[in-house]
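Each chain, written out:
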Amino acid sequence: MQIILASQNKNKLKEDDEKNPLSPYALSKMISFEIINNDHPCSKLTSKFQQLCFKNGLLLLKSGPNGNVIRIICPINIKSYQVYEIIDIINKSLNELNN
C-alpha cells in the first residue's frame, strides 16, 4: 500500500486569501491523499481506512473518480491540539490497516 499526499498550492491559497479574505480558501484548508495498492487506486483499502478512522473518532471524506482519495477539511479556527489528535488518529488507523 502506498499513500500519496497532496496539498493545495500554498502560493495560490495565499493569493486568494489576500484578494478576498472571505473566499472559501480563507475559511478552510483542505489536504487530500490517495490510497494506492500495487500502483493502482484502491477503493476497498480507502473504505477500510475511512472506517478505521471513524472507529477511532475521526470522520473523513472519501472522494475522487476511483474512490481512493481521502480529504481532510479543517476550519480555520482549529486548535493545535486538535490537529495533533487528527494526526494521531490517522497514524493509528494506518497502523491498524497495515496489520
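What counts as what
- Residues numbered from 1 in each chain as written.
- Predicted model: local features only at pLDDT ≥ 70, side-chain atom pairs only at ≥ 80, totals over all residues.
- Heavy atoms only, no water.
- Helix = DSSP H or I, 4+ residues; strand = E, 2+ residues; numbered from the N terminus.
- Buried < 20%, exposed > 50% of the residue type's maximum accessible area, 1.4 Å probe, protein only.
- Phe/Tyr/Trp six-rings, centres within 6.5 Å; stacked < 30°, edge-to-face > 60°.
- Pairing = 2+ DSSP bridges.
- Salt bridge = Lys/Arg side-chain N within 4 Å of Asp/Glu carboxyl O.
- Core = buried A, V, L, I, M, F, W, Y, C linked by side-chain atoms within 4.5 Å.
- Contact = heavy atoms within 4.5 Å.

Asker: What is the right way to look at the overall build of the protein chain in this model?
Answerer: Each helix and strand in the protein chain was counted, giving 4 helices and 5 strands. When the helices and strands of the protein chain are placed in sequence order, the string is β-α-α-β-β-α-β-β-α. Taken across its 99 residues, the protein chain has 31% of its residues classed as buried.

Asker: Can you help me understand the packing of aromatic side chains in this one?
Answerer: Given two aromatic rings, their pairing is described by the distance between the two centres and the angle made by the two planes. According to the stated counting rule, one finds 1 aromatic pair in the structure shown. Between Phe33 and Phe49, the aromatic rings sit 5.8 Å apart at their centres with planes inclined by 70°, giving edge-to-face as the arrangement. Pair noted here: Phe33 is in strand 2 (residues 28-37) and Phe49 is in helix 3 (residues 43-55), with a separation of 16 residues, a long-range link.

Asker: Just checking my understanding: could you explain the pairing of strand 5 (residues 69-75) for this structure?
Answerer: The sheet contact formed by strand 4 (residues 61-63) and strand 5 spans 3 bridges and is antiparallel. Bridge pairing links Ser63 to Val69 in strand 5. Connecting strand 4 to the next strand, strand 5, in antiparallel fashion are 5 residues, including Gly64 with a positive phi near 95°.

Asker: What's the story with the pattern of salt bridges in this structure? I'm lost.
Answerer: Once their charged atoms are close, side chains differing in charge can pair, the charge on each being opposite to the other. Enumeration according to the criterion identifies 1 salt bridge in this entry. The salt bridge involving Glu96 is made with Lys55; its shortest N-O contact spans 3.3 Å. In this pair, Glu96 is assigned in helix 4 (residues 80-98) and Lys55 in helix 3, connecting sequence segments 41 residues apart. Take Lys55: its relative accessible area is 57%, and that puts it in the exposed class.

Asker: Sorry, what's going on with the nonpolar core here?
Answerer: If you look at soluble globular proteins, the nonpolar side chains tend to sit buried side by side. The biggest cluster of nonpolar side chains holds 17 residues, and the ones touching the most others in it are Phe49, Leu58, Leu60, Ile70, Ile72 and Ile90. The greatest single-element share of this core, amounting to 5 residues, is contributed by helix 4. In this view, Ile72 contacts Lys29, Met30, Ile31, Phe33, Leu60 and Ile90; residues no more than four positions away in its chain are not counted.

Asker: Please explain the environment of Leu60 as it appears in this structure.
Answerer: Tracing the sequence through the fold places Leu60 in the loop between helix 3 and strand 4. We classify Leu60 as buried; its relative accessible area is 5%. With residues up to four places along the chain from it excluded, the contact list for Leu60 reads Phe49, Gln50, Cys53, Ile70, Arg71 and Ile72.

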